[in-house]
Amino acid sequence: MPPRLRFGLVSLMLVALLAPLAGAEPPAPYPVMGAPANPKVPAQWNRYHDCAEIGDLLKKLVKDHPRYAKLHSQGKSYGGREMWIITITDSQQGKEAEKPAFWIDGGIHANEIQASEVAAYTAWFVLESAGRTPWIDRLLKERVLYIAPLMSPDSRDDHFYKANNTHTPRSGQRPLDEAATIRGRYGRRQRDLDGDGNITQMRIRDPNGKFKSDPDYPQLMVHVKEGEKGEYSLLGPEGIDGQGEPNHDEPGYYDPNRDWAWDWQPSYVQPGAYHYPFSVLENRMMADFIMSKPNIAGAQSYHNAGGMILRGPGVPGMEIEAADVKVFDELAHQGEKMLPGYRYLKVGDQLYASYGAELDWLFQMRGAYAFTNELFAPSNFFRESNDEGFFGKASTRAKFDKAYLFNEGTVAWHEVLHPQFGKVEVGGEKKSWGRQPPSFLLEEECHRNMAFSLYHADQMPLVAVQSVDVKPLGKNLFQVTAIVENQRLCPTHTAGDVRHKITAPDIVRIEGKDLHVVLGLTDNEQFFRDPTEQKHRPAALRLATIPGRSVVYCRWIVEGAGPYTVSVTSVKGGRDSRVAEVAK
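Residues numbered from 1 in each chain as written. Predicted model: local features only at pLDDT ≥ 70, side-chain atom pairs only at ≥ 80, totals over all residues. Heavy atoms only, no water.

Student: Tell me about the sheet that holds strand β17 (residues 506-511), and name the residues and values.
Tutor: The strand order across the open sheet formed by four strands is β20-β17-β22-β23, and the pairing between neighbours is antiparallel. Each edge of the open sheet carries a strand with a single partner, namely β20 (540-543) and β23 (574-580). For this sheet, the mean inter-axis angle between neighbouring strands, taken without regard to orientation, is 15°. Bridge count for strand β22 (residues 564-570) against β23 is seven bridges, and the pairing is antiparallel. Bridged to Ser570 within β23 is Gly574. (Pairing = 2+ DSSP bridges. Helix = DSSP H or I, 4+ residues; strand = E, 2+ residues; numbered from the N terminus. Axes fitted to C-alpha atoms, helices over the stretch in contact; angles between N-to-C directions.)

Student: How would you explain the packing of helix α2 (residues 51-64) against helix α3 (residues 114-129) if you had to name every residue and give the values?
Tutor: Where α2 contacts α3, the axes come no closer than 11 Å and their chain directions differ by 15°. Here α2 lies roughly parallel to α3, going by the angle between them. Crossing hand, α2 versus α3: left-handed. The residues of α3 that touch α2, namely those facing Ile54, Leu57, Leu58 and Leu61, are Ser116, Ala120, Ala123, Trp124, Leu127 and Glu128. Partitioning the contact of α2 with α3 into residue classes produces eight nonpolar, one polar and one charged. (Parallel < 35°, antiparallel > 145°, perpendicular 65-115°, else oblique. Left-handed = near helix turned anticlockwise from the far one by under 90°. Contact = heavy atoms within 4.5 Å. Nonpolar A, V, L, I, M, F, W, Y, C, P; charged D, E, K, R; others polar.)

Student: Describe the pattern of salt bridges, listing the residues and the values that go with them.
Tutor: Within this structure, the stated rule accounts for 32 salt bridges. One salt bridge connects Arg67 with Asp90, and the closest N-O pair in it is separated by 2.9 Å. One end of the pair, Arg67, is in the loop between α2 and β1 (69-76); the other, Asp90, is in the loop between β2 (82-88) and β3 (101-106), with 23 residues separating them in the sequence. Given a relative accessible area of 31%, Arg67 falls into the partly exposed group. Residue Asp90 is classed as buried on the basis of its relative accessible area of 5%. A network of salt bridges, in which partner residues are shared, links Glu112, Arg170, Asp255, Arg258 and Arg435. (Salt bridge = Lys/Arg side-chain N within 4 Å of Asp/Glu carboxyl O. Buried < 20%, exposed > 50% of the residue type's maximum accessible area, 1.4 Å probe, protein only.)

Student: Describe empty space enclosed by the protein, with residues and values.
Tutor: Under the defined criterion, the tally for this structure stands at four cavities of 30 Å³ or more. Here the second largest cavity is characterised by a volume of approximately 50 Å³. Contributing to the lining of the second largest cavity are Met151, Ser152, Asp154, Gly172, Gln173, Arg174, Tyr254, Pro256, Val280, Glu282 and Asn283. Classifying every residue of the lining of the second largest cavity by side-chain character gives four nonpolar, four polar and three charged. (1 Å grid on protein atoms, 1.4 Å probe; cavity = no way out; pocket = protein on both sides within 12 Å on 5 of 7 lines; lining within 4 Å. Points joined across faces, edges and corners; volume = space filled by probe spheres on them.)

Student: Run through the pairing of strand β10 (residues 308-311), naming residues and quoting values.
Tutor: With burial as the criterion, each face of β10 is covered, one bearing Met308 and Leu310 and the other bearing Ile309 and Arg311. As paired elements, β10 and strand β11 (residues 343-346) share four bridges and run parallel to each other. Looking at β11, one finds that Ile309 is bridged to Tyr344. Each parallel crossover has a hand, and for β10 linked through helix α8 (residues 322-338) to β11 it is right-handed. Here three bridges tie β10 to strand β12 (residues 369-375), and the two strands are oriented antiparallel to one another. Following the sheet pairing, Leu310 is matched in β12 by Thr372. (Right-handed = clockwise from strand over helix to strand, strands pointing away.)

Shown next as structure tokens:
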């Protein structure tokens, strides 16, 4: 056979063999545990996203997961940005308003940028896992998640795109006084002398100064020892303020997390308080949404830093009911296991006074078990003990920057011309380093905190009619006994909710054709040795609460042979029903 013909035949055989593969889809990616291997909406979680990017992500998630998600804006911020809230539940499994709901928010302090990332990651992960992960499917059948990733969107973009340090802006962007209004900003603002987008520190050479460069980490300034002469004096943050003075003081500000309507105090008691509760428009919009959803039974706010799981009260010396402390304790102790290095603390007595804080409003006035997580534990730098304050020691951060970031976290000291001091040097930590985890630890922070929030959401109350028993008494009278249970840790009402009557009581109702209820009783044990009789409308027994992982016994004496439908309806615990007939 001629070589040219032989080559042609071989080519035809190869084409025939490969043809079936030409239209085949590529094989599925190797399944990495803890993340969707081939998400419908690809997303990166080793970097930070601005407001527009988070908004776009939420829109794509809703478009690609219409069964499970819907998105709306609660309004626009002072700067005209959307206040997004994404609702996540299985719309084909029960009604949204009839399921226990969990609230998640992030970024009320906008410089705490990983807070919004964790909230957005939660929405992404849950939706991408729906239909793939049975545990998530069950959660979305039983629960609703309301997620607001951008509580202070104006200041988030300010932090991203204007000159700031890692701590600014904590405030919103409203002008605080007439002069600030004229300047078009919210108060005194530091000036970026070298135009690199980072407000670092200023130093000048001074043989009598109190500082010198650390020998191992030249960007780090350290105090000299007693009696030792230094090399530098520090002048404070980079720049001059709006009035031509050195930046030795903090800019005026209001704190969006001191604006909530529980034990709000004016600014001379609580620094950062604004005019009156909910005078910050963005907060008021979110509060209006939350108040329209009485089924919210649990809540999680994300802040940074320090690695803490915080509960209220924020008011020093204030106590809450022991029953509620017990629930908080069990949830948070599980959180400490899920979040290595995090500490569970009571804000007012173990951290600092915090009047008018969101987590107190959520718990005290909305009856939701609420936590605030301060994201990123300093122990995560080198997996060492967590004893280094909110952000870790400056020397620890410098060591980490050198070992893992290759000095990218700092600006090298360099000379600039200051309008008052002449030649000065500026340098130090960048705005993107200090409070925030670096890229390779960010996704871990997102996932671990999300898992804790979903655990809490799963432990919200969940009511069920466990059983209904019918016993004939003669003369067309029947005794109907129902056991109603709460299958989860959290009660259907917090103890504070019961005391303040925040949420309507749970209702256990009996219904049936030609049914007349003669007597209605409840008790906490099956023998009804010390029952409580409800004389008014006994067909619908009102329960102040159904304790967590517990049952309530309900009994009726009725006229009418049934069948009977017994139902339980709980604003924060859901609903269930069961039909029973007289045994023949």
